[in-house]
Amino acid sequence: MVRAMEEGAEDPESSRSSKLGRFRGMLESGASKFRRSLNENNGTISVLPPDDDDNNKIPAASAPLPEDPPAPAQVRPKLGGLLSRTENVKPSRGSGADATPASAPPAAPAVIPPPAVTPPPTPASAKVAAPPSPPPPVRKKPTDMDMMKEKFAKLLLGEDMSGRGKGVSSALALSNAITNLAASAYGEMKKLEPMAPDTKVKWKKEIDWLLSVTDSIVEFVAVKQKNKDGTTFDVMATRQRNDLQANIPALRKLDTMLLDCLDNFKEPHEFYYGSKDDDKGEKVQRSDDKWWIPVPKVPPNGLSDANRKWLQYQKDSVNQVLKAAMAINAQVLTEMEIPDAYIDALPKNGRVSLGDSIYKMIQEDFFDPDNLLSSLDLTSEHKIVELKNKIEASVVIWKRKMNAKDNKAPWGSAVSVEKRELLEDRAETVLLILKHRFPGTPQSDLDISKIESNRDVGYAILESYSRILETLAFTVLSRIEDVMSADAQAKGSANIEKTKSIKEDMESVPKTLVDGAETNTEQQGEADGKKANDENAEAKK
């Protein structure tokens, strides 16, 4: 310590200059921070040029704003004096004339911003082009797998997209899905024409999705299995349920036949369907209530024999599809259970359900179902469905009474079992004739209640698939009959015109020729009569 003091006393001038340099650096650093804070508040930051007396790079501030106070001038402090950051340094008293004042650091040069470039004035007529809008996002086309997942997700939810558990059963959801698919693919089928190619692809693809559910409806059966040592033993294996295994391939075959029949009408034929603007004065109206369906047109002399035979062949093919679909549908509906809600709504006996007039005709000794149907008013679908409801209700009542174990059931037992069997058989005969005579009528109350309360998925698929094929076959058959009816009218009109032309030709023959022909006929008759009399006279002799 003493040695350090002695070294400081020996060289006081160098110690003093080092201390002053350190103080000067601290002062300039504080001033630069102050100026930097001001410039940051104004939004610009600049760098001071390096000082000539110091090798350190010190940031310089931009020119102060007019309202900012000027920075205090810095002078060289007196030797050995204590300074604060806020007071100015005065020159030393003992320095005399030889003392040179400390030079203040040069003022920071003002940073002049570059002149703003003003754009050239645009004419008033020039329109500012709007920035191009971004292209719309490309929507990815859903794949078959995505569509199938979406369809089966709706089926699992029971057509309740809210997910609150208020949907229908899986069987009814599948039945509705098949029905809606057929309605979207076939439509009302106003004309005899093939299905569109994209619609046919959609129909085949989606009906395969819905029918694939039946592959998982199986039953256990015992099969023989042979062991390695030659012994055999029984094991339980799974196979598709018998009714599905028999009816699903049959319905697919009927569907294919129906599509092939429609494809046969793609070639040009002799009949056609006119547009709305054709023959406005001679527009033919339909005789039934389906006025919106166009009436086919045929040549004035009717169809040719070859075309008429081909049309009859198509009608027979569609009729086979109709009968097969009706048989499968009736069988499936018979196997479905009757819901309790329908049974509770039935009347007490079959006579009340049928009515007195129909009941008397059914229980007659000589019963004729055709006579019964001809005596009833069946001019509308509503009356046909009402008659079906009455007959089906009476059949259910009589069957329940015959199968009841307790004879004292609240149904009553005024009719014997044999008579109930006879009435039931006659009622089912009338019902069968009614269904075959009017195949396109809506479903009865019993059928609707069975479909809605059914929980068997296999029955639901069979019933809905056979029902839509029955409806489609009946529609195609009706359109073919429209063409044949138009052909019959044209042929009858041609025959009438031919007969009329013959009469006109006969009337145009001269009267003298007719009178001469009549005279010759009378003379010939007299000669024949005279000859016959002569022969009779000779025979008597």
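Residues numbered from 1 in each chain as written. Predicted model: local features only at pLDDT ≥ 70, side-chain atom pairs only at ≥ 80, totals over all residues. Heavy atoms only, no water.

### Details of the side chain of Glu-392
Next up, step 1: One can find Glu-392 in helix α12 (residues 381-403).
Next up, step 2: Of the residues examined, Glu-392 reaches a relative accessible area of 5% and is grouped as buried.
Next up, step 3: In terms of polar contacts, Glu-392 uses its side chain to reach the side chain of Ser-444, at 2.6 Å.
Next up, step 4: Setting aside residues up to four positions removed in sequence, Glu-392 forms contacts with Tyr-342, Leu-431, Lys-435, Ser-444, Leu-446 and Asp-447. (Helix = DSSP H or I, 4+ residues; strand = E, 2+ residues; numbered from the N terminus. Buried < 20%, exposed > 50% of the residue type's maximum accessible area, 1.4 Å probe, protein only. Polar contact = N/O pair within 3.5 Å; in protein donor to acceptor, adjacent residues only side chain to side chain. Contact = heavy atoms within 4.5 Å.)

### Examining empty space enclosed by the protein
Next up, step 1: If you walk through the whole model with that rule in mind, you get 2 cavities of 30 Å³ or more.
Next up, step 2: Reported here for the second largest cavity is a volume of approximately 30 Å³.
Next up, step 3: Taken together, Asp-243, Asn-247, Gln-331, Val-332, Glu-335, Tyr-459 and Leu-462 make up the lining of the second largest cavity.
Next up, step 4: With 3 residues, helix α7 (residues 305-335) is the single largest residue contributor to the lining of the second largest cavity.
Next up, step 5: For the lining of the second largest cavity, the class distribution of residues is 3 nonpolar, 2 polar and 2 charged. (1 Å grid on protein atoms, 1.4 Å probe; cavity = no way out; pocket = protein on both sides within 12 Å on 5 of 7 lines; lining within 4 Å. Points joined across faces, edges and corners; volume = space filled by probe spheres on them. Nonpolar A, V, L, I, M, F, W, Y, C, P; charged D, E, K, R; others polar.)

### Overview of the environment of Asn-329
Next up, step 1: With respect to the secondary-structure elements, Asn-329 resides in helix α7.
Next up, step 2: Separated by 141 residues in sequence, Asn-329 and Glu-470 have C-alpha atoms that sit 8.4 Å apart.
Next up, step 3: Each residue touching Asn-329, except ones within four places of it in the same chain, is listed here: Glu-463, Ser-466, Arg-467 and Glu-470.
Next up, step 4: For Asn-329, the side chain forms a polar contact with the main-chain oxygen of Glu-463, separated by 3.1 Å.

### Digging into the packing of aromatic side chains
Next up, step 1: Under the definition given, this model contains 4 aromatic pairs.
Next up, step 2: When the ring of Tyr-186 is compared with that of Trp-203, the centres are 5.3 Å apart and the planes differ by 80°; the resulting orientation is edge-to-face. Of this pair, Tyr-186 sits in helix α4 (residues 170-186) while Trp-203 sits in helix α5 (residues 197-211); the two residues are 17 residues apart in sequence, bridging distant segments of the chain.
Next up, step 3: You can call Tyr-186 buried: its relative accessible area is 9%.
Next up, step 4: The exposure class of Trp-203 is buried, given its relative accessible area of 1%.
Next up, step 5: With a centroid separation of 6.3 Å and an interplanar angle of 65°, the aromatic rings of Phe-265 and Phe-271 are classed as edge-to-face.
Next up, step 6: Looking at Phe-265, the relative accessible area reads 6%, which means it is buried.
Next up, step 7: Put simply, the rings of Phe-265, Phe-271, Tyr-273 and Trp-310 pair up and form one aromatic cluster.
Next up, step 8: The aromatic ring of Tyr-459 is capped on one face by Arg-241, whose charged end is 5.1 Å from the ring centroid. (Phe/Tyr/Trp six-rings, centres within 6.5 Å; stacked < 30°, edge-to-face > 60°. Lys NZ or Arg CZ within 6 Å of the ring centre and 35° of its normal.)

It is worth stressing that arrangement in space is one thing and function is another; only the former is reported here.
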